[in-house]
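# Structural features, examined
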Amino acid sequence: MSLGLLTSASIMERATSAGLGEIAGKVFDGERLSREDGVTLYEAPDLHLVGALANHVREGLHGDRAYFNVNQHINYTNICNKLCRFCAFQRLPKQEGAYVMSPEVIAEKITEQLSEPVTEVHMVAGIHPKLDYDYYLDILRAVKGARPEIHIKAFTMIELMQIARVARRPLEEVLPELIEAGLGSCPGGGAEVFADRVHLEGYHLKNTGQQWIDTARTVHEAGLRSNCTMLHGHIETIEERVDHLDRLRLLQDETGGLQTYIPLSFHPENTEWAHLPGPTALDELREIAVGRLMLDNIPHVKSYWIMLDIPIAQLALSYGSDDVDGTVVEERIYHEAGATTPQEVKRAELIQWIRDAGRTPVERDTLYNVVWEEAALAEV
Ligand code: V47
């Protein structure tokens, strides 16, 4: 039976017999779940019940709607000095395959897509120690010069920390200049797992969890929205995942600036953690569901199709997610780490996947303004 067909009463009955009655009661009453509830949901044997609870929340917020956008990814450099053990994308400056895109190359990539109805460019990259402050302003201006109406979602929190460092000024002062050059919002990457233990073992040269949170707060105070992520399925414990979700939720209570949560599934290939198995499809669905249930104040949960594979991204639309990301065009971070998904899909394909998953496709812009929806047009 489709989860969507389960009534609240039958979910409640199944939850009570599985020992999740109290949590289900809180979900139906719209009450915040505790950290202990989070651990229980991760450990609950009945994944589909957890999914049904998350689906209840998802449908309460978004009905049958599932969002996508027409976007383009640009990873402007793979040179990075952070040596994160989970990353297959990074290169040292003289290493084979290392690259930095000039503003002109970036403008060309934007121009190549002018015939497509792209509304967003998603720009993230490694932490290149030698790029100067003007480079970051120039790449924003290059994008806007090539396609003035496009929304630029760029720079994870660690990139913003680096930009402020090379500008030799506090981020509060730098952000208005980045906004003036074209920055429209920030992606959610680079949060990894906030716990200090995992940070020390896996990515000690990168920002700490607290620095990610403090930087995101500064971003939100400057009037920008951002997304947030958790990189799961490596060495973190369930308690550390719950801690991460709770800290995101507290940040959101404070700023209201987080619009979408994206659980990122660890892809082990070509990384220092290649011996780890990475999450299973069932782990991925649970991560979506627990994220939806714990993050009661973040409006959207994304099942990023590039990372999950299309069938799981579709299924996730009934386990708590309401967004599948976009057309992408060129993706490097996951493909270096063994992702076998295509690098690009066409808008019509995304629409069809969403319909096939039993949801109503809604094309959005980066800030979730509706660009197109099923009911509004007879053909796509
Ligand atoms: O910061 C790196 C992660 C992130 C691996 O905001 C890995 O809409 C898994 O930020 N296995 C970049 N994950 C991706 C990102 C993103 C993607 C989609 C949508 C949005 C959004 C943001 O990818 C990195 C890091 O956390 N990552 N290597 C890996 N081997």
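Below is a short write-up of the structure. (Residues numbered from 1 in each chain as written. Predicted model: local features only at pLDDT ≥ 70, side-chain atom pairs only at ≥ 80, totals over all residues. Heavy atoms only, no water.)

## Quick notes on the overall build of the protein chain
Quick note on the threshold: What counts as a helix is a DSSP run of H or I of at least four residues, what counts as a strand is a run of E of at least two, and both are numbered from the N terminus. Note on method: radius of gyration uses C-alpha positions; expected globular size equals 2.2 Å times residues raised to 0.38. Partly exposed describes any residue whose relative accessible area lies between the buried limit of under 20% and the exposed limit of over 50%, with all areas from a 1.4 Å probe on protein chains only and scaled to the type maximum. Contacts were defined at the residue level, with two residues in contact if any of their heavy atoms lie within 4.5 Å. Accessibility throughout is a Shrake-Rupley quantity obtained with a 1.4 Å probe, and a residue counts as covered only by protein chains that appear here. When charges are counted, Lys and Arg contribute as positive and Asp and Glu as negative, whereas His and the chain ends are disregarded. Working definition for charges: the position is that of NZ of Lys, CZ of Arg, CG of Asp or CD of Glu.
A count of helical and extended segments in the protein chain gives 16 helices and eleven strands. Here the C-alpha atoms of the protein chain give a radius of gyration of 20 Å, agreeing with the 21 Å that 2.2 N^0.38 yields for 380 residues. Seen through its principal axes, the protein chain has C-alpha atoms that stretch 60 × 55 × 40 Å. For the protein chain, the proportion of its 380 residues judged to be buried stands at 59%. A separation of at least 24 residues holds for 76% of the contacts in the protein chain among residues at least 6 apart in sequence. Here the protein chain has roughly 15000 Å² of accessible surface; of this, 52% comes from carbon and sulfur atoms. Mean positive and mean negative side-chain charge positions of the protein chain (35 and 58 charges, respectively) differ by 3 Å.

## Quick notes on the pattern of salt bridges
What counts is decided by this rule: Any carboxyl oxygen of Asp or Glu that lies within 4 Å of a side-chain nitrogen of Lys or Arg is treated as forming a salt bridge with it.
Tallying each qualifying case throughout the model produces 31 salt bridges. For Arg141, the salt bridge identified is with Asp138, shortest N-O distance 3.4 Å. On the criterion of helical spacing, the pair formed by Arg141 and Asp138 is a turn pair, its members being three residues apart in helix H6 (residues 133-146). Judged by relative accessible area, which is 46%, Arg141 ranks as partly exposed. For Asp138, a relative accessible area of 32% translates into the label partly exposed. When salt bridges that share partners are traced, they join Arg35, Asp243, Asp246, Arg247 and Arg249 into one network.

## What about the site of the ligand?
Heads up, the condition is: A cutoff of 4 Å decides nearness: a residue is near a molecule or strand if any of its heavy atoms lies inside that distance of it. A 3.5 Å cut-off defines polar contacts: any pair of N or O atoms within that distance qualifies, except that in protein one atom must be a possible hydrogen donor and the other a possible acceptor, and neighbouring residues in sequence count only when both atoms are side-chain atoms.
Taken together, 21 residues sit near the ligand, with Phe86, Lys153, Gly190, Glu192 and Lys302 positioned nearest. Lys153 has a polar side-chain atom sitting 2.8 Å from an oxygen atom of the ligand. Within the backbone of Gly188, an N or O atom sits 2.8 Å from an oxygen atom of the ligand. Here the ligand loses 96% of its free accessible area of 610 Å² to cover by the protein chains. In terms of residue count, the dominant contributor to the shell around the ligand is strand S7 (residues 258-265) (three residues).

## A look at the sheet that holds strand S5 (residues 183-185)
Put simply, the rule reads: The pairing criterion for strands is at least two bridges between them, as found by DSSP. All axes here are fitted lines through C-alpha atoms, helices being fitted over the stretch that makes contact, and every angle between N-to-C directions spans 0 to 180 degrees.
Ordered in space as S2-S3-S4-S5, the four strands form an open sheet in which the pairing is parallel. Every interior strand has two partners, whereas the edge strands, strand S2 (71-74) and S5, have only one. The average undirected angle you get between the axes of adjacent strands in this sheet is 40°. Where strand S3 (residues 120-123) and strand S4 (residues 151-154) come together, four bridges link them in parallel fashion. Bridge pairing in S4 links Val121 to Ile152. Across the sheet, H6 touches S3, S4 and S5, and the angle it forms with S3 is around 160°.

## A look at H6
Rules: Here the expected span of a helix is defined as 1.5 Å times the quantity of residues minus one.
Given a rise of 1.5 Å per residue, 14 residues ought to cover 20 Å, and the 21 Å separating the end C-alpha atoms of H6 matches this to within 8%. Every buried residue of H6 is listed here: Tyr133, Tyr135, Tyr136, Leu137, Ile139, Leu140, Ala142, Val143 and Ala146. Considering only its buried residues, H6 is in contact with helix H5 (103-112), S3, S4, helix H7 (157-167), helix H8 (171-181) and S5.

## Section: the sheet that holds strand S1 (residues 65-69)
Strands sit in the order S9-S1-S10-S11 across an open sheet of four strands; the sheet is mixed. Only two strands of the sheet have a single neighbouring strand rather than two, namely strand S9 (323-326) and strand S11 (370-373). Direction aside, the axes of adjacent strands within the sheet are offset by 25° on average. In the sheet, S1 pairs with strand S10 (residues 360-364) via four bridges, with the strands oriented parallel. Of the residues in S10, the one forming a bridge with Arg65 is Thr360. With respect to the sheet, helix H16 (residues 347-356) is in contact with S1, S9, S10 and S11, its orientation differing from that of S1 by roughly 160°.

## Description of unusual backbone geometry
In the Ramachandran plot, Leu83 falls in the positive-phi region, its phi being about 50° despite a non-glycine side chain. On the accessibility criterion, Leu83 (47% relative accessible area) is partly exposed. Phi at Asp325 is positive, roughly 70°, even though this residue is not glycine. If you trace the backbone, Asp325 turns up in strand S9. Under the relative-accessibility criterion, Asp325 is labelled buried at 2%.

## Quick notes on the packing of aromatic side chains
Quick reminder of the rule: Under the pairing criterion, centres of Phe, Tyr and Trp rings, with the six-membered ring standing for Trp, must be within 6.5 Å; the plane angle then separates stacked pairs below 30 degrees from edge-to-face pairs above 60, leaving the rest tilted. Two conditions define a charge located above a ring, namely a distance within 6 Å from the ring centre to NZ of Lys or CZ of Arg, and an angle within 35 degrees of the ring normal.
Enumeration according to the criterion identifies eleven aromatic pairs in this entry. On the basis of an interplanar angle of 75° and a centroid distance of 5.8 Å, the ring pair of Tyr304 and Tyr334 is categorised as edge-to-face. Separated by 30 residues along the polypeptide, Tyr304 in the loop between strand S8 (300-301) and helix H13 (305-308) and Tyr334 in helix H15 (residues 333-336) bring together distant segments of the chain. Note on accessibility: Tyr304 and Tyr334 belong to one class, buried. Here the aromatic rings of Trp305 and Trp353 are separated by 5.4 Å at their centres, their planes lie at 70°, and the arrangement is edge-to-face. Taken together, the positions of Trp305 in helix H13 and Trp353 in helix H16 put the pair 48 residues apart, joining distant regions of the chain. Each member of the pair Trp305 and Trp353 is classed as buried. Here the aromatic cluster, defined as three or more aromatic residues joined through ring pairs, consists of Tyr76, Tyr135, Tyr136 and Phe155. The residue whose ring lies beneath Arg347 is Trp372, and the NZ or CZ to ring-centre distance is 5.1 Å.

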